[in-house]
Amino acid sequence: MKKIFDEVSFKCSVLVTKSYSTSFSMAVYMLAPSIRGAIYSIYGFVRFADEIVDSFHGFDKESLINDFENEYYKAQKFGISLNPILNSFQQTVKKYNIEDDLIQSFLKSMKMDLIKSDYHSKLEYNDYIYGSADVVGLMCLKVFVNGNDQKYNELKFEAMRLGSAFQKVNFLRDLKDDNLVLNRNYFPGVNLNSFDENAKTRIIKEIEEDFKIAFQGIKKLPLEAKFGVYTAYVYYKKLLNKLEKTPSHKIGTERIRVSNYGKARLFANSFVTYKLNLL
């Protein structure tokens, strides 16, 4: 039965999320059960595309990402794909009316990772972040507001700034691998081989401004989404705090993490804040 296959497809998206990101999967678990599956399916789609361009070394990445895109559009057209990740994602796209412009912008940024290694201007940097992160925030927002266009437009700017903040924290955390393994530098005007405290401080101030604006949007989210998004926000703020306290030369040579114990404490504190109506 197709129903069983669809259930399996969404379970595969859950498995992908839990396998690749314990922190994000914990945040998704804090969402209302009615919207978790849709967010898992979005994560599965963007994670697979990202893995193609970041991890599948020794394979024809360009062909793989093009095939992935083509298979998605076939799934979207026919309402089914034997790729369970695409099968679940196309259902979410249709159910929540996710615009194709968002998907195309995301895929454009993924493809940029195959041909571009340095971002020399703020315009290039912002364009990449919009496609790789902001639009993912907007896809999730479509789910959170469940068809309420007025609410979507009201929260759109803040959702994009939250996506930007998450992505920039990832860039800073992954500085070592991006530079030494993937030979990429997303930060314009920053020499990663001589990354110093001044460069780190400028980047952190930019991220903090993104978080400040994004938090105003989190407070306005529907109840089904508020706690889960706040949980992700708290985790990334903690990660940024650790990066701020880490000497710049260490950021360039090792990957900074929040321990599992630290994550558990953060999520517990977030729960208390939410339950006491302090958010």
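Residues numbered from 1 in each chain as written. Predicted model: local features only at pLDDT ≥ 70, side-chain atom pairs only at ≥ 80, totals over all residues. Heavy atoms only, no water.

A closer look at the state of the cysteines
Point 1. Within the structure shown, the criterion is met by zero disulfides.
Point 2. C140 supplies the cysteine sulfur nearest to C12, a cysteine that is in no disulfide, at a spacing of 19 Å.
Point 3. Look at C12 and you get partly exposed, because its relative accessible area is 23%. (Disulfide = S-S within 2.5 Å. Buried < 20%, exposed > 50% of the residue type's maximum accessible area, 1.4 Å probe, protein only.)

Notes on the nonpolar core
Point 1. Among the nonpolar cores identified, the biggest contains 79 residues, and F45, F106, F144 and F211 are the most heavily contacted of them.
Point 2. Residue contributions to this core peak at 13 residues, all from helix α7 (residues 122-145).
Point 3. Dropping the residues within four chain positions of it, F144 is found in contact with L31, I35, I39, L221, P222, A225 and V229. (Core = buried A, V, L, I, M, F, W, Y, C linked by side-chain atoms within 4.5 Å. Helix = DSSP H or I, 4+ residues; strand = E, 2+ residues; numbered from the N terminus. Contact = heavy atoms within 4.5 Å.)

Thoughts on the packing of aromatic side chains
Point 1. One pass over the structure, following the stated rule, counts 21 aromatic pairs.
Point 2. Between F211 and Y233, the ring centres sit 5.5 Å apart and the planes meet at 85 degrees, which makes this aromatic pair edge-to-face. One end of the pair, F211, is in helix α10 (residues 197-218); the other, Y233, is in helix α11 (residues 223-245), and 22 residues separate them in sequence. With respect to burial, F211 and Y233 carry one shared label: buried. (Phe/Tyr/Trp six-rings, centres within 6.5 Å; stacked < 30°, edge-to-face > 60°.)

Quick look at unusual backbone geometry
Note: most residues except glycine have negative phi, and most peptide bonds are trans.
Point 1. Even without glycine at this site, N146 takes up a positive phi of about 50 degrees.
Point 2. Take N146: it is sitting in the loop between α7 and α8 (149-173).
Point 3. The phi torsion at N183 lies on the positive side, around 55 degrees, for a residue other than glycine.
Point 4. Structurally, the position occupied by N183 is in the loop between α9 (175-180) and α10.
Point 5. Using a relative accessible area of 54% as the deciding quantity, one classes N183 as exposed.

Geometry only, nothing functional implied.
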